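One-letter residues, chain by chain:
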Amino acid sequence: MSSSSSVWSEVIPDDLLVHIFLCLPLQDRIQSSYVCKRWYDCFQSVYLWQHFNFNFFTQTDRKLIRCSNQLCERLQSVCITLNPGEEYNRQNAVDLIMKLASTEKRRLKAITIIFRGDNPLFYAGKEFCMALSQLFQPMNNGLLPVEQLKHVDFSGLTVAYDDSVMDVLAKNHPNIEFLNLQNRNLLTLVSPTCMCGLVIKCRKLKDLRIFYGSLSEAILDALGEDDRTPLEFLSLSCRRTEKYGTEIPSESWKKVTKQLPKLRIGLVFDATVPVHKMWEIMKTELPLSFVRFDTFTDLIQEINFVAENYHRYLEKISINTTSSSILDKALIKLAACCERLTVLYVFCVVSQETIDQILTVCPSLRKSGNFLLKAVKETHPWGDPREIERLFVYHRLKS
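Computed from a prediction, not measured in an experiment: that's the story for all the values here.

(A) Structural view of a nonpolar patch on the surface. A cluster of nonpolar side chains, L186, L187 and L189, forms an exposed patch at the surface whose accessible area comes to about 330 Å². Here L189 lies in the loop between β5 (178–180) and α9 (192–201).

(B) Inspection of the sheet that holds strand β6 (residues 207–211) at higher detail. On the basis of which strands lie adjacent, the open sheet formed by 12 strands has the order β1-β2-β3-β4-β5-β6-β7-β8-β9-β10-β11-β12 and parallel pairing. Where the open sheet ends on each side, the last strands, each with one partner, are β1 (52–56) and β12 (370–374). Averaged over neighbouring strand pairs, the angle between their axes works out to 15° when direction is ignored. Two strands pair when backbone bridges link them, and strand β4 (residues 151–156) and β5 are joined in this way by 3 bridges, in the parallel orientation. Looking at the pairing, H151 lines up with F178 of β5. Helix α6 (residues 87–101) rests against β1, β2 (77–82) and β3 (110–115) of the sheet, and its axis sits at about 165° to β2.

(C) Just the pairing of strand β7 (residues 233–238), in detail. The element β7 is extensively covered by neighbouring structure, given that 6 of its 6 residues are classed as buried. Here β7 shows two buried faces, one formed by F233, S235 and S237 and the other by L234, L236 and C238. Relative to β7, β6 is paired through 5 bridges, and the arrangement is parallel. Residue pairing for β7: D207 is matched across the bridge by F233. In this region the chain leaves β6, passes through helix α10 (residues 217–223) and returns to the parallel neighbour β7; the handedness of that crossover is right-handed.

So, how was this worked out
- Residues numbered from 1 in each chain as written.
- Predicted model: local features only at pLDDT ≥ 70, side-chain atom pairs only at ≥ 80, totals over all residues.
- Heavy atoms only, no water.
- Patch = residues over 30% accessible without salt bridge, like charges linked within 9 Å, V, L, I, M, F, W, Y side chains within 5 Å.
- Areas by Shrake-Rupley, 256 points an atom, 1.4 Å probe, with all protein chains shown as cover.
- Salt bridge = Lys/Arg side-chain N within 4 Å of Asp/Glu carboxyl O.
- Helix = DSSP H or I, 4+ residues; strand = E, 2+ residues; numbered from the N terminus.
- Pairing = 2+ DSSP bridges.
- Axes fitted to C-alpha atoms, helices over the stretch in contact; angles between N-to-C directions.
- Contact = heavy atoms within 4.5 Å.
- Buried < 20%, exposed > 50% of the residue type's maximum accessible area, 1.4 Å probe, protein only.
- Right-handed = clockwise from strand over helix to strand, strands pointing away.

Set out below in structure tokens:
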């Protein structure tokens, strides 16, 4: 290193150096740690390894696993993103999970897995289920202490995980606080019995996002028990299979909302949900703060129902439907009734007059800027559908 470079490296404050390391790819970050002892000490900073993204999209991304040998003990939060269409990407992701599972002194508290792209035909993802079961196990039959997971997000993991995976998670990670199982897989293999066992064991849950078919009255009873952390948000995704499920009676919802006065509910309806089932699920007792209608049907009655019954709680709504003057009136009514509304996505064209009235009668929506309202049809008006689907990364749009 030249004298000028040496002086330059010495004058950089440690906090700035750590921030620079955060912007570097993993391989460059490791190489930079060899510059001097102070840079190596910054490389060891806990803050630097609070979160790391592993992306597997090419065969050369295999090097990320080789680099991770010396890092797995430091990682606290991991996001694994991959294109599942290629076998080498799937294998790299599974190998990374197995490497994390074999780390004796791991500090991992959060894991997120996201599939970007389509799965191969008839792909079930059994190797991911096996790897995750290993990750959720304690090391050496529980003889070595392992940091317990607190955040698990499988909403982007399009595989058919089942009761066996959830049983291992519940048994060994009772301190979990956030769990999202709402993926795109066509089958829901996590049974209400399994989910009830998880809720009973994991008594610190604050945010739970599951399929309606995995819910039961027993789960609501368990969530309302006194000796646990109060659940703050319960999201229920509803699909075609829900028509074979059991309806949760109003009495159960009344009971749990009385026990958990700060509980908020989210509902997601996809295009396969029968209309009559939607009405069975939307009980007036629900403290509904978030709803997404992806049904592509006439939703006038549903929108009016939401405005009349959930106006005290509703904050976010997404609507996939067809344009009409009656829809415009229903949207204006919704905006006027729901004072807490901060997010409104409408995936059809509405009149400019309707847009102006919505923003006038709902100041909270105008202030947030988180709305999708268009008066002119475009070729590709809605942007990245994956970003829209997640609905917690909002586009800032202005009329």
